[in-house]
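Remarks on the overall topology
Residues per chain, in single letters:
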Amino acid sequence: MTAVELDRVTLSIGTHTVLAEASFAIHPGEFIGVLGPNGAGKTTLLRAVLGLLRPGAGSLHVFGQAPRRGDRTIGYLPQVRTVLPDLRLRGIDFIASSWHGGRWGLPSLTRAERGMIDETLDLVGARELAHRPFAAMSGGERQRLLLAQALLGSPRLLLLDEPLISLDPHHQRAVVELTKSLQTELGIAVLFSAHELNPLLGALDRVLYLGGGQAALGTVDDVISGPVLSRLYGSDIDVVRLHGRIFVMSGSHDVEHDEHRHDDHRDDDGAAHRHGHQGVHPGHA
Amino acid sequence: MTARRIGTAIKGCIPAMLDYDFMRNAFAAATVVALVAGMVGYFLVLRGQTFAGHALAHVGFTGATGAVLLGIAPLWGMVLMTVAAGLGMGLMGERLAQRDVAIGLVLALSLGFGLLFLHFFTAFATQATALLFGNVLAVDVGTVWTLLGLGGVSLAALAVVSRPLLFASLQPELAEAKGVSLRLHGVLFLAIVALATAECAQIVGVLLVFTLMVGPAAAAQRLTGGVGKGVALSATLALFEAWGGIALAYVTDWPASFWITVLSAAIYLLATLPRAAWARGATPAG
């Protein structure tokens, strides 16, 4: 059985078609880097897998079933949002709120549930960390904790939406390495969306590149190539490899790098963000 | 020290204070309202909706004065108006949340209507002050029972929604993905806030609802790291402030609402101090 399978799926937001007739399959236990310009539909795709957005056409399956909200086989780390600076709430209370968070009643946990949360925190080495105020943590520490949260209930698929955003290179590496070790250890599939490709090199099994309503899934060598990316971007793209890093260039201009200078890009959907160039933004160098 | 003298005076006065019916009623009403305000207020502050609480109180003023004009008890007019407004605000949701100007104008308009109703009912000046600033010493036994009933409903409703409400407040994106309706919980919560506001206004008046709903909760959130402890501390602080305010009013003959605002502000200030000092002492690392 596949973890995620799309068969001629079309995804739209309002009248804007984000993905047109895309077909691909992701296997259990695979680490997939989801890349593409802002507005190419990375978040939209994740939302469709979560059952928050119905495909306009085609069929989408998650472990052989139609997506449904609250699917326990999926762990999800949404793109980061604001945290109230005054809030002294401990990390553990913050993430514990998500455990059966939709149930009516008091937010109390049984001893067994607390034990389960502690064990999950151990997976990411955050048991101690979790007792500090969430708002006082660094970006990297928060991502570690939120990764543990996504793992609660032993999902078989992790959806991580831009977990590297606004982290420095050191913390980016730490988050990627942690995700990689969890993927191997627990044998779960990972969809890891990112602005830049380079931090993910070495960790990912295959790349899912989105652009121009299309999707290309394959190995880095297959997908990150001039012809494939030119098709997705709808303009001439050169791929330059240098010292084990990959740069995606439009003419003399590094499209990924320029795109990603704007750290305030929160959503990647909607065609709104067109800075300077032709709205090209992939997995940056 | 003045503070010590007042403290000794209070101690000496407690048995005497409770000899009076109106004092017993005041303490009973304050107890119910403080517990409700402290607990509901915790979530109000957590969700960053304190302005909504303030707005609902103003709308309540229109309800109360309108009710008097129609010959109904002001409390029920207030309950009706605040709950209706709370549901309305909840249904408008995000669209309303960012509109300070719109909310501000509705607030002013509510007070304006309240004023008009008072104008039609000219013999009503004392009660106007009571509505605006509260008069806990004038609460009768019947009102205490009504408050107890309303308070029970508010807290029972809060207990039922607290789990999904906490999740939706802390992590809306994830909660939505997990199938929790943000809108449903937003609406239910504002209805609870509306009820709590109407109760709170009986003690401190519509203009000072902030002092019991927001002050203790904000202080508690700065002092505690857990949700349960935070809610308990918020309720305890609100109780202390309400009781303290009434006791000080008995001793000084100044309005209880005044003392409650003083205690609320003082406690919030104290709660922020250690954190500010800590932040100054610590050097920002990595």
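Structure first, text after, so check above.
Residues numbered from 1 in each chain as written. Chains lettered and ligands numbered in written order. Predicted model: local features only at pLDDT ≥ 70, side-chain atom pairs only at ≥ 80, totals over all residues.

To continue, consider the overall build of chain A. The helix and strand tally for chain A stands at 8 helices and 12 strands. A sequence separation of at least 24 residues applies to 69% of the contacts in chain A between residues at least 6 apart. (Helix = DSSP H or I, 4+ residues; strand = E, 2+ residues; numbered from the N terminus. Contact = placed C-beta atoms within 7 Å.)

Residues and elements named next belong to chain B. Two elements in contact, helix H3 (residues 50-70) and helix H4 (residues 74-92), have axes separated by 7 Å at closest approach and are oriented at 140°. In terms of their interaxial angle, H3 and H4 are classed as oblique. Helix-helix and strand crossings are classified by hand; for H3 and H4 the assignment is right-handed. Together, Ala52, Leu56, Val59, Gly60, Thr62, Gly63, Ala64, Gly66, Ala67 and Val68 of H3 and Pro74, Trp76, Gly77, Met78, Leu80, Met81, Thr82, Ala85, Gly86 and Met89 of H4 make up the contact between the two elements. (Axes fitted to C-alpha atoms, helices over the stretch in contact; angles between N-to-C directions. Parallel < 35°, antiparallel > 145°, perpendicular 65-115°, else oblique. Left-handed = near helix turned anticlockwise from the far one by under 90°.)

With that out of the way, let us pick up the interface of chain B and chain A. Across the contact, 26 residues belong to chain B and 26 residues belong to chain A. Looking at the side of chain B that touches chain A, the elements that each hand over two or more residues are helix H8 (141-170), helix H9 (172-177) and helix H12 (215-223) of chain B. With 9 residues, H8 of chain B is the single largest residue contributor to the side of chain B that touches chain A. Among the residues forming the side of chain B that touches chain A, the class breakdown is 12 nonpolar, 9 polar and 5 charged. (Nonpolar A, V, L, I, M, F, W, Y, C, P; charged D, E, K, R; others polar.)

Strand residues, when the strand is regular, have side chains that alternate between the two faces of the sheet. Residues and elements named next belong to chain A. For strand S8 (residues 206-211) and strand S9 (residues 214-218), the ladder comprises 5 bridges, and the chain directions are antiparallel. Across the sheet, residue leucine 210 finds its bridge partner in S9, namely alanine 215. Here S8 folds back onto S9, and the loop between the two strands holds 2 residues, one of which, glycine 212, carries a positive phi near 55°. (Pairing = 2+ DSSP bridges.)

Residue and element names in this part refer to chain B. Tracing the backbone through its elements, the reader meets alanine 218 in helix H12. Considered as a pair, alanine 218 and threonine 129 are 89 residues apart in the sequence and their alpha carbons are 27 Å apart. Apart from the residues within four sequence positions on either side, alanine 218 is in contact with Val45 and Tyr268.

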